[in-house]
Amino acid sequence: MGFLDIFKRKPKSAGIAKERLQILVSHERAERGAPSWLPDLKNDILEVIKKYVEVEQDAITVNLGRDSHREILELNIALPERDADGQIVGSTTAAAKVKLTSNTTASKANVATDTKANSPAVKNSPVSGGQQKPASGNTSASPNPAATNQATTTPSGTTQVDKTQGTQNQGTTTQGTKTQGIKSQGAKPQNGKNQASKNRQMRNAHTKKPTAKSPGAKT
Amino acid sequence: MAKIIVVTSGKGGVGKTTTSASFATGLAQEGHSTVVIDFDVGLRNLDLIMGCERRVVYDFVNVINKEANLNQALIRDKRVENLSILPASQTRDKEALTEEGVGGVIKDLAERFEYVICDSPAGIEQGAIMAMRFADEAIVVTNPEVSSVRDSDRILGLLGSKTVRAENGSGPIKEHLVITRFDPTRANLGEMLSVEDIQELLAIPLLAVIPESESVLNASNLGAPVILDDDSRAGQAYSDCVKRFLGQDLPHRFLEVQKKGFMSRLLGR
Ligand SMILES: Nc1ncnc2c1ncn2[C@@H]1O[C@H](COP(=O)(O)OP(=O)(O)OP(=O)(O)O)[C@@H](O)[C@H]1O
Ligand SMILES: [Mg+2]
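In this text, all values refer to a predicted model and were calculated from it rather than measured experimentally.

### What to know about the overall build of chain A
- A count of helical and extended segments in chain A gives 6 helices and 6 strands.
- When the helices and strands of chain A are placed in sequence order, the string is α-α-α-β-β-β-β-β-β-α-α-α.
- Within chain A, the proportion of its 219 residues that are buried is 45%.
- Here the contacts in chain A between residues at least 6 apart in sequence split such that 46% fall between residues at least 24 apart.
- Surface accessibility of chain A: about 11300 Å² in total, with carbon and sulfur atoms responsible for 54%.

Dropping the structure here:
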């Protein structure tokens, strides 16, 4: 190894470790409080989709989050994109957010669908019954501003977590909180004193997580 | 009213026992009567770290099973006043730690001591759950390393759901982060998660950062908690940790790369 190689190895591993942990930990926090039927629901949806499109077993992610008023069931489905010869050239993510107002059923709920293209610039195209969405940077805007933390994928395949939300939370120990934008909306703003209880709430709530399995990662 | 404090981590070998021993010793040094319990049934180690392994007659499980009373099982530390150790059983398994049994012993200890420190075993099974079950506060020990941080987050989830406090709504457990085996050189180079990274990820208040130090191994060889080694960085960091816990406002030391003098290099401190 040459002397100059020392300087080439700049993207240091701790940064990657942190990024991986942020995604993983928020996934696990979400799963911790998740109802037991969530995996079954996920399987059933996958079976239905498979009738029409060829998708991978891991093409679908289902998250249950919540804001102050209701639970939000979020589906992300990575659909393969084919060229004229039927070759898979990429994928598109169809994301749907279903809001469940406490005990009401999904059929009554408000469904919004975004299509996220396989590029960091995310297009917002409300498909069915979506509310008018605020344009917000490159996050795929959702009706609920608290739920706009999305992982987007750069062409190089690294996952970036958008951290634009939830800034009023937590003073110094911020980033972990920011990626959990759902929390900042759901709870009343509090000051540092109550931090421990806030953390707990955050950890045990059905927190919305960044979409880790982003379409670009597969290509 | 006594405070019950669990020292926990999820992942094994991150420094729970090292921390329990020094933390308990430090509280006693500060004049608080303290008992430290080894919950690692089957793999007892606290007695070795505290240097009382040859004085173990009865253990925690004997007390639970009423084969011995607390007076028979508690070992009084010879160096520090107000400090006792309740060793784990080496021959049973963790199923011996029943909720009723553990609860009873902790209740008795809470009447005699100001602080009850519970040294949790690794994992998330019976032993670890029982160690945290009755806690008022938790010291979450983490190394600057991915699997340790992930496991700590998992443990924080359990503290928020599987403890008596979580269940009966008597107020949440107060959580403290202690980062051990921290190496500022490697963190500065970006090879290891930084203190800020870990704090951000776990989002609980930082109590202390204990540097990686050869004096820890030395201390366990001697059977004297590292906090008793005033010259060592780890010992000083644990001392600060205890004082901060008791309310003193002390800056975090040993976060910067140490400029080693010739002598300290020689002594490995
Ligand atoms: N600050 C430190 N510097 C250097 N070595 C350390 C430090 N803290 C702990 N160690 C070493 O790490 C090892 C594990 O420590 P310890 O037994 O305290 O961990 P533990 O979390 O109790 O493990 P277990 O999960 O097996 O109970 C020991 O060899 C100890 O000497
Ligand atoms: Mg141990």
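### Digging into the pattern of salt bridges
- Scanning the model with the defined rule gives 13 salt bridges over all chains in all.
- Across the pair D197 of chain B and K18 of chain A runs a salt bridge, and its minimum N-O distance is 3.2 Å. In this pair, D197 of chain B sits in helix α10 (residues 195–202) while K18 of chain A sits in helix α2 (residues 13–32), so the two residues belong to two different chains. Taken as a pair, D197 of chain B and K18 of chain A share a single burial class, namely buried.
- For R133 of chain B, the salt bridge identified is with E99 of chain B, shortest N-O distance 2.8 Å. Highlighted residues: R133 of chain B in helix α6 (residues 126–133) and E99 of chain B in helix α5 (residues 99–112), separated in sequence by 34 residues.

### What about the sheet that holds strand β7 (residues 174–182) of chain B?
Residue and element names in this part refer to chain B.
- Sheet architecture is open: 8 strands sit in the order β3-β4-β2-β5-β1-β6-β7-β8, paired in mixed fashion. Each edge of the open sheet carries a strand with a single partner, namely β3 (75–76) and β8 (206–211).
- Here 6 bridges tie strand β6 (residues 137–142) to β7, and the two strands are oriented parallel to one another. Along β7, the bridge assignment pairs V141 with V178.

### Observations concerning the side chain of N76 of chain A
- The topology assignment puts N76 of chain A in strand β2 (residues 71–82).
- A polar contact of 3.0 Å, which involves the side chain of N76 of chain A, links it to the side chain of E74 of chain A.

### Things to note about the packing of aromatic side chains
Residue and element names in this part refer to chain B.
- One pass over the full model with this rule turns up 3 aromatic pairs over all chains.
- Considering the side-chain rings of F39 and F60, the 5.1 Å spacing of their centres and the 80° angle between planes classify their relative orientation as edge-to-face. With F39 in the loop between β2 (34–38) and α2 (46–50) and F60 in helix α3 (residues 60–64), this pair connects stretches of sequence that are 21 residues apart.
- Ring geometry for Y115 against F245: centres 6.1 Å apart, planes inclined by 70°, an arrangement best described as edge-to-face. Of this pair, Y115 sits in strand β5 (residues 115–119) while F245 sits in helix α12 (residues 233–245), and the two are 130 residues apart along the sequence.
- By the ring-pair criterion, three or more aromatic residues cluster together here, those being F23, Y115 and F245.

Scoring rules and cut-offs
- Residues numbered from 1 in each chain as written.
- Chains lettered and ligands numbered in written order.
- Predicted model: local features only at pLDDT ≥ 70, side-chain atom pairs only at ≥ 80, totals over all residues.
- Heavy atoms only, no water.
- Helix = DSSP H or I, 4+ residues; strand = E, 2+ residues; numbered from the N terminus.
- Buried < 20%, exposed > 50% of the residue type's maximum accessible area, 1.4 Å probe, protein only.
- Contact = heavy atoms within 4.5 Å.
- Areas by Shrake-Rupley, 256 points an atom, 1.4 Å probe, with all protein chains shown as cover.
- Salt bridge = Lys/Arg side-chain N within 4 Å of Asp/Glu carboxyl O.
- Pairing = 2+ DSSP bridges.
- Polar contact = N/O pair within 3.5 Å; in protein donor to acceptor, adjacent residues only side chain to side chain.
- Phe/Tyr/Trp six-rings, centres within 6.5 Å; stacked < 30°, edge-to-face > 60°.

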